[in-house]
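Inside the fold
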Amino acid sequence: MNVAWRTMAGIGLFVIPFAIVYWFLSYERAGTVLLVGIPLSMLGLGAYLLGAWRRAPALPEDRTDGVVPAQDEVGVFPSASIWPAVLAAGMTLTVFGFAYNPWLALPGLGVLVTGLGGMVVESTRLR
Amino acid sequence: MTVTAPAPVAEPEPAAHEAPRGLVSWITTTDHKRIGIMYAVTSLVFFAIGGILALLMRAELADPQADLLSTQAYNQFFTMHGTIMMFLFATPMAAALANYLVPLHVGAPDMAFPRLNALSYWLFVGGGLVLLSSFLTSRGAPDFGWTGYTPLSNAIYTPGVGADLWIAALALTGIATTITGINVVTTVFSLRAPGMTMFRMPLFTWTMLVQSVLVLLTFPVITATFVMLFIDRNFGAVFFDATEGGVPVLWQHLFWFFGHPEVYIVVLPFFGVISEIVPVFSRKPVFGYTAFVLATLAIAAYSVTTWAHHMFTTGAVESQFFAATTLLIAVPTGVKIFNWVFTMWGGRLWFRTPLLYAISFIVVFLIGGLTGPMLAIPDFDKHVHDTYFVVAHFHYVLLGSAMFAMFAGLYYWWPKVTGWMLRESIGIWQLVLMFVGFNLTFFPQHVLGLEGMPRRYVEYPEESGWQGLNVLSTVGSGILAVGIALFVVNVIVSARRRVPAGDDPWQGNTLEWATSSPPPPHNFDRLPPVRSERPLHDWRTDTVGVDAAREG
């Protein structure tokens, strides 16, 4: 994780001088906002990863000696679920409705909420 | 040499229900491998649709005044061709490879968020269907080009629901791509096997990580921009309306802030594919692993600073700044060419289809890459802007890299995915036809562009002298299409009389070759220790062979 936060923050730091130079060359607001957004996003991600690394500095994946300690469960992985397809169908119908005929968005929203609810309930059960 | 049991995976009890079978099992799957396969097949279907549109346009252009397509149809076709190839083929094909390979590469049982993974695939399918549905509307599909420039794409110049469906579709696929990006980043950061440090990850996984970071930085921007255009068109907002105080060129800033990194979003995964294949078939470790990773990170950082080289002709951008950043990005991109060439240099080259496709990729990408710095020079760019020179450049860079590297990857990983081999002989014929057809199609377009032939015109003057090169280009596109179709033939022929592949037919370096072909659910029964970026090579060349170790 040491490498992870450094690479993410590094990309952010790399862009900062470009943002400064761009602003003073052009005084163009849209591009400058976009360029400032990059370091903010990447430094935010880097800070999160730095925090995670400080909490757990010696993870099995970061050992370089090839020795593998006993591990806990990696996690819970769902075997099959219909809800992602339902949620996607709901989102598609809703967005299609907004573009084509708003009345179609209503049943779309219904399917969307059903799919979302199904995923949330399933997540609770998986935990 | 010992092998280790991977960390246990908890599966929820299926309760009283039986595991789904048949079609339902594909619709409900959360297995990253199945989702990867579905992504790949769907992307190839869209590749075929986009390709047919291209063939029709090439047929039209073989004659200066042909009336095979109406002006309206031609405009719709080039718009939908670009949109489909960028958003429904090239980008999701990278997602297909990432879905299948990243968990296997890092020794994980699945992606970090399997159901979000399924959601992203179904949103991609939904977006694709919504996009195609625009053809069925009364005014047809949008006809303003895949770049959707305002004010051409506003409700006055492009009325009708087709453009709204285009926006809706791209918003859906934008969300799908963003979700995949989140999944890849989280998987790489949190599900690596013991010993799999960041600097031992396969280079494909590195490129997917960096590509996903670029996705997370740019796809939300373009998705929001599409929503802004939708609000402008339907709810009276004026973001891009100059008559009401809006700024049309703002669209170009926002679009290209996404659009240029999108080039790297498309090609970085294919750089990764080539970087996996070249060392295996050169029987050498990759030359300059660390340099490759740093160059990939540098490309990501530079790529968000170069967007307005697409906007030199607006006269509203700081040309020197963008010329400099665009020229700079050629340096880390060039580093990769050296990585591949010096990996092959002095290696024991094994000329099988994956390596042959990889070498073709390098040649084609180099030609496309050389015209990139030319277009970075503002004065030259203004001369050839919106001509066939630009069309040739980006087809060499985008189609060349995506297509040759995709087939390199398909031939390389096909045995892992299916458990049987594709025919080498058909693969080589396919490559020859594709290479000849591709260069015949797109190389003459450089000359056409330099002679001033503009892109996106359905007709051109008979006295222009451009017909000869256009005919050459059209014939080339036909040869290219036949070459691509040979892949389908190869799959059918190889499927009828299957040659078993075994677990590791190429003597690969990375963890996917340590498991069965195809891999079981949750991927690994045993994992070799990871002590370098070539764990399987280390394992195989030690005292115990793969099979004995797996049994042990």
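Residues numbered from 1 in each chain as written. Chains lettered and ligands numbered in written order. Predicted model: local features only at pLDDT ≥ 70, side-chain atom pairs only at ≥ 80, totals over all residues. Heavy atoms only, no water.

1. Quick look at empty space enclosed by the protein
All names here are of chain B. Under the convention used in this document: Cavities and pockets were defined on a 1 Å grid built over protein atoms only: a cavity is a set of grid points that admits a 1.4 Å probe from which the probe cannot escape, a pocket is an open set flanked by protein on both sides within 12 Å along at least five of seven lines, and lining residues are those with an atom within 4 Å of any such point. Grid points are joined across faces, edges and corners, and a volume is the space filled by probe spheres set on the points. When residues are grouped by polarity, Ala, Val, Leu, Ile, Met, Phe, Trp, Tyr, Cys and Pro land in nonpolar, Asp, Glu, Lys and Arg in charged, and all others, Gly among them, in polar. Secondary structure is summarised from DSSP: a helix means a run of H or I of at least four residues, a strand means a run of E of at least two, and numbering begins at the N terminus for each.
Scanning the entire structure with this criterion turns up 4 cavities of 30 Å³ or more. In this structure, the largest cavity occupies an estimated 130 Å³ of space. The wall of the largest cavity is formed by 17 residues, among which Thr91, Pro92, Ala95, Thr177 and Thr180 lie closest to the centre. Here the lining of the largest cavity is built from residues that sort into 10 nonpolar, 7 polar and no charged. Of the pockets and cavities examined, the second largest cavity occupies roughly 110 Å³. In terms of lining, the second largest cavity is formed by 13 residues, of which the most central are Ser275, Glu276, Pro279, Val286 and Glu533. Considering each element in turn, the lining of the second largest cavity owes the most residues, 3 residues, to helix H7 (residues 248–282). Looking at side-chain class alone, the lining of the second largest cavity contains 7 nonpolar, 3 polar and 3 charged residues.

2. A short note on the side chain of Ser133(B)
We apply this condition: The rule is simple: take the accessible area with a 1.4 Å probe, protein chains only, and divide by the maximum for that residue type; under 20% is buried, over 50% is exposed, in between is partly exposed. Contacts are assigned to residue pairs with any non-hydrogen atoms lying within 4.5 Å of each other.
One can find Ser133(B) in helix H4 (residues 114–133). Owing to a relative accessible area of 16%, Ser133(B) belongs among the buried residues under this scheme. Setting aside residues no more than four positions away along its own chain, Ser133(B) makes contact with Phe96(A) and Leu165(B).

3. Some remarks on the packing of aromatic side chains
Residue and element names in this part refer to chain B. Note the cut-off: Between 30 and 60 degrees the pair is tilted, below 30 it is stacked and above 60 it is edge-to-face, where a pair is any two Phe, Tyr or Trp rings, Trp via its six-membered ring, whose centres lie within 6.5 Å. Here, a charge over a ring means that NZ of Lys or CZ of Arg falls within 6 Å of the ring centre while also lying within 35 degrees of the ring normal.
The tally for this structure, following the rule as stated, stands at 66 aromatic pairs over all chains. With centroids separated by 5.2 Å and ring planes inclined at 15°, the aromatic side chains of Tyr39 and Phe124 adopt a geometry described as stacked. With Tyr39 in helix H2 (residues 32–61) and Phe124 in helix H4, the pair connects residues that are 85 residues apart, well separated along the chain. The class for Tyr39 is buried, based on a relative accessible area of 2%. The exposure class assigned to Phe124 is buried, which follows from its relative accessible area of 2%. Relative to Trp206, the ring of Phe199 lies with its centre 5.5 Å away and its plane at 50°, an arrangement referred to as tilted. Phe199 gets classed as partly exposed once you look at its relative accessible area, which sits at 30%. For Trp206, a relative accessible area of 1% translates into the label buried. Each member of the aromatic cluster is reached from another via a ring pair, and the members are Phe87, Phe144, Trp146, Trp166, Phe219, Phe226, Phe239, Phe240, Trp251, Phe255, Trp256 and Phe258. The ring of Trp26 carries the charged tip of Arg34 above its face, separated from the ring centre by 4.0 Å.

4. A few points about a negative patch on the surface
Going by this rule: For patch detection, residues must exceed 30% relative accessible area and be free of salt bridges, and they are connected within 9 Å for like charges or within 5 Å for nonpolar side chains (Val, Leu, Ile, Met, Phe, Trp, Tyr). We get accessible surface area from the Shrake-Rupley algorithm with a probe of 1.4 Å; when it comes to residues, only the shown protein chains can shield them. Within this document, salt bridges are pairs made up of a side-chain nitrogen of Lys or Arg and a carboxyl oxygen of Asp or Glu, the two lying within 4 Å of each other. Neither His nor the chain ends contribute to the count of charged residues, in which Lys and Arg are positive and Asp and Glu negative. Charge placement uses NZ in Lys and CZ in Arg. For Asp and Glu, CG and CD serve respectively.
Together, Asp63(B), Asp67(B), Glu459(B), Glu462(B) and Glu463(B) give the surface a local cluster of negative charge. Structurally, Glu463(B) can be placed in the loop between helix H13 (424–450) and helix H14 (467–496).

5. Some thoughts on the interface of chain A and chain B
Inclusion rule: Buried area, as used here, totals the accessible surface that two parts lose on assembly, with accessibility defined by a 1.4 Å probe and the loss added over both. Here a polar contact is taken to be a pair of N or O atoms separated by no more than 3.5 Å, where protein atoms must pair a possible hydrogen donor with a possible acceptor and residues adjacent in sequence count only if both atoms sit in side chains.
Facing the 57 residues of chain A at the interface are 69 residues of chain B. Summed over both partners, the interface of chain A with chain B comes to about 5,400 Å²; 78% of that surface belongs to carbon and sulfur atoms. Area buried by chain A at its contact with chain B is led by Leu34(A), Glu61(A) and Phe77(A), which between them contribute 14% of it. Counting across the chain A and chain B interface gives 1 salt bridge. A salt bridge links Glu122(A) to Arg115(B); its shortest N-O distance comes to 2.9 Å. Connecting chain A to chain B are 5 residue pairs in polar contact (both at pLDDT 80 or more).

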